[in-house]
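Topology and contacts: notes
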Amino acid sequence: MKSIAISGSPRENVGKRDAKGLRYQGLVPAVLYGGATQTHFAVSAADLRAVVYTPVVHFIDIDVAGVKSQAIIKDMQFHPLTEQLIHIDFLLLDEKKPVTIEIPVKLTGTSPGVKVGGKLVQKLRKLRVKALPKDHLDNIEVSIEALEVGKSVKVSEISLPNLTITNAAEDTIVSVTTSRALRQAEQEAGKK
């Protein structure tokens, strides 16, 4: 899985007034959980754009005052009106502990159901996957080569080595439904 490096500066004071001052300077208050103690730090909002505003999942190499850690994003808070990032939480990764991450689904191939006029409907764009950090993937490929009209691919049909998908087994990832044009064509053929 890809990694992005960011650096932050330790926060002396933790509180609303301090956080507001940091945001005014273009910084985002952040917390790193999962270690012996929590680490409160501030990171540039510009450095976080490549991590936050992307569908790709990354491991984040964090450097706070010379202390390096590898983490993932656990939670983000945005301003309700401006949608500006106002706080971010990171979870420290341990090579021996499995971690759950939402990984994007990548559809591959061409569906024969779509070729005859069906409509491709992707219901899940990400799957929750639990695995050791070294086993996580950049994306999960789902083949739609065999999808006819009325057929679907469910979570239970996906198997990945060393990974456990935690979504419900009966959840549909992608399906091909009858489009309005195909339905009309079938009705007209039935009238003849």
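This section reports on the structure supplied with the text. (Residues numbered from 1 in each chain as written. Predicted model: local features only at pLDDT ≥ 70, side-chain atom pairs only at ≥ 80, totals over all residues. Heavy atoms only, no water.)

As for the packing of aromatic side chains
Enumeration according to the criterion identifies two aromatic pairs in this entry. On the numbers, 6.4 Å between centres and 55 degrees between planes, the contact of Tyr53 with Phe78 is tilted. With Tyr53 in the loop between α2 (45-52) and β4 (59-64) and Phe78 in strand β5 (residues 67-78), this residue pair connects regions lying 25 residues apart in the sequence. The class of Tyr53 is exposed, set by a relative accessible area of 51%. (Phe/Tyr/Trp six-rings, centres within 6.5 Å; stacked < 30°, edge-to-face > 60°. Helix = DSSP H or I, 4+ residues; strand = E, 2+ residues; numbered from the N terminus. Buried < 20%, exposed > 50% of the residue type's maximum accessible area, 1.4 Å probe, protein only.)

A closer look at the pattern of salt bridges
Scanning the model with the defined rule gives three salt bridges in all. With its nearest N and O atoms 3.4 Å apart, the salt bridge here joins Asp63 to Lys68. On the accessibility criterion, Asp63 (23% relative accessible area) is partly exposed. Here Asp135 makes a salt bridge to Lys134, at a shortest N to O gap of 3.3 Å. (Salt bridge = Lys/Arg side-chain N within 4 Å of Asp/Glu carboxyl O.)

What about the environment of Leu85?
Within the secondary structure, Leu85 is located in strand β6 (residues 85-92). With 58 residues separating them along the chain, Leu85 and Leu27 place their C-alpha atoms 9.6 Å apart. Once you skip the residues sitting within four places of it in the chain, Leu85 turns out to touch Val28, Leu48, Val52, Tyr53, Met76, Gln77 and Phe78. (Contact = heavy atoms within 4.5 Å.)

Observations concerning the side chain of Asp89
With respect to the secondary-structure elements, Asp89 resides in strand β6. Arg11 is the oppositely charged side chain nearest to the buried, salt-bridge-free Asp89, at an N-O distance of 8.1 Å. Within the structure, Asp89 has its side chain in polar contact with the side chain of His87 (distance 2.8 Å). Non-local contacts of Asp89, meaning those with residues more than four positions away in its chain, are made with Val31, Tyr33, Ile72, Ile73, Lys74 and Asp75. (Lys, Arg positive; Asp, Glu negative; His and termini not counted. Polar contact = N/O pair within 3.5 Å; in protein donor to acceptor, adjacent residues only side chain to side chain.)

Some words on the sheet that holds strand β1 (residues 3-10)
Pairing between the strands of a sheet is mediated by backbone hydrogen bonds and can be parallel or antiparallel. Taken in spatial order, the six strands of this closed barrel run β1-β3-β2-β6-β5-β4, and their pairing is mixed. With direction set aside, neighbouring strand axes in the sheet form an average angle of 45 degrees. One ladder, built from five bridges, connects β4 with β5; its direction is antiparallel. The residue bridging Asp63 from the neighbouring strand is Lys68, located in β5. Each of β2 (27-33), β3 (39-44) and β6 is contacted by helix α1 (residues 16-24), which is oriented at about 125 degrees to β2, the strand it contacts most. Contacts from α2 reach β1, β2, β3, β4, β5 and β6, with the element oriented near 95 degrees to β3. (Pairing = 2+ DSSP bridges. Axes fitted to C-alpha atoms, helices over the stretch in contact; angles between N-to-C directions.)

Worth remembering: the numbers are spatial, not functional.
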